[in-house]
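Topology and contacts: notes
The lines below spell out each chain.
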Amino acid sequence: MPLQNAQNLNLILVPIKLIMASSSSAEESTALYTAIVVVNSEDILKDALEQVNKATTIALDCEGDKLGRKGTLDVLSLATKPDKTVYLFDIKTMGEKAFDGGLRKLLEDGSKTKLMFDCRNDADALKHLYHVTLRGVHDVQLIEVSKRLQDPEQQSKRQRHSNSSSNNYWQSVTKNVPRLNGLKKCIEKFLSTSKESTGAVNDKQDGGSTKDLVAAKAMITIEMDRAKFESKNIWGVRPLSDVLKEYCAIDTCTLFSLYDILKEGQDMEEIRKASDRYVDYKRSYTKVPSSKYVSHCYLPHNILQVDVGAGRQHDLHRL
């Protein structure tokens, strides 16, 4: 189905649209977000950055065609907490002006915590396309891996897997390497029943449901894969469709709840250091290796350290 005529997708997204609190200013909205602001001019940029800079923690995500140094960076999404506003910086339209107008300073500020989910391609695109050295990242994907590795059941499963043998080279190389879960899977696993989840990420709220979010992400991902196959860049089309705006809101706003849930019991100083290594993973290459060695679903070499019990610190030197 063409994206501009995606009626089924629009129906799925209806439940997670804006629902404002009505009885009190202190009462929180049950929606995933309260507003989406498209930033495509210098005047709007100035106002948006003024608001974003007031937040101590923000959620960040980038979108583009083959995101990275060899692709494009068309949309940069920033969400703020607690006001639940999503700012979509139109890099396709503004280009360098967005970064020269204050966005670069914000992204390079290491004191401003930025929640991301797999920051590698984002950081690579920012560095090599717009000379932005991203700092201050807490990568939620890494926090999920760390939490999973400390789970006794998962440790037992990995031990059994480690003792098994395989004649397949790639399986033998990766059998002890933690897999990376995607955002959709994390939403399904952690936000459907958690007491920490609010608004559209909670199945018991009227603002929407986890199933709505997962279905929306899945359908848009299919459309993006189709566009990639047809060599089309849906993120470069202007005006940006309402469907893609919703997608950006999901990919940023859900990170706040996931972060609150997953960080419990974690060494956040180690997560910060691991995130620094993750940010630098692709952008540090002078020449990017074959995609087989950098674009896989396993935790890369020497990124994360976790305490897996019995006082042992395991350095995950892998791929």
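Throughout what follows, the structure given in this document is the object of discussion.

What counts and what doesn't
- Residues numbered from 1 in each chain as written.
- Predicted model: local features only at pLDDT ≥ 70, side-chain atom pairs only at ≥ 80, totals over all residues.
- Heavy atoms only, no water.
- Helix = DSSP H or I, 4+ residues; strand = E, 2+ residues; numbered from the N terminus.
- Buried < 20%, exposed > 50% of the residue type's maximum accessible area, 1.4 Å probe, protein only.
- Contact = heavy atoms within 4.5 Å.
- Pairing = 2+ DSSP bridges.
- Axes fitted to C-alpha atoms, helices over the stretch in contact; angles between N-to-C directions.

Quick look at the overall build of the chain now. Tallying secondary structure elements over the chain gives 13 helices and eight strands in all. The buried share of the chain, taken over its 319 residues, is 48%. In the chain, 67% of the contacts between residues at least 6 apart in sequence involve partners at least 24 apart.

If you walk across this open sheet you meet the six strands as β1-β4-β3-β2-β5-β6, and the pairing is mixed. Each having just a single partner strand, β1 (35–39) and β6 (137–139) make up the two edges of the open sheet. Each adjacent strand pair in this sheet contributes to an overall mean axis angle of 25°, direction not counted. In the sheet, strand β5 (residues 113–116) pairs with β6 via three bridges, with the strands oriented parallel. What sits directly across from Leu 115, in β6, is His 138. In the packing of helix α2 (residues 42–52) onto the sheet, the strands contacted are β1, β2 (57–63), β3 (75–80) and β4 (85–90), and the crossing angle to β4 comes to about 140°.

Turning to the pairing of β4, a few remarks are in order. Most of β4 is tucked away, with six of its six residues classed as buried. Burial of the side chains of β4 extends over both faces: Thr 85, Tyr 87 and Phe 89 are buried on one face and Val 86, Leu 88 and Asp 90 on the other. Taken together, the five bridges between β1 and β4 define a ladder with parallel strand orientation. Note that in β4 the partner of Val 39 across the bridge is Phe 89. In this structure, β3 lies alongside β4, joined through five bridges in antiparallel fashion. Paired with Ser 77 across the two strands is Leu 88, which belongs to β4.

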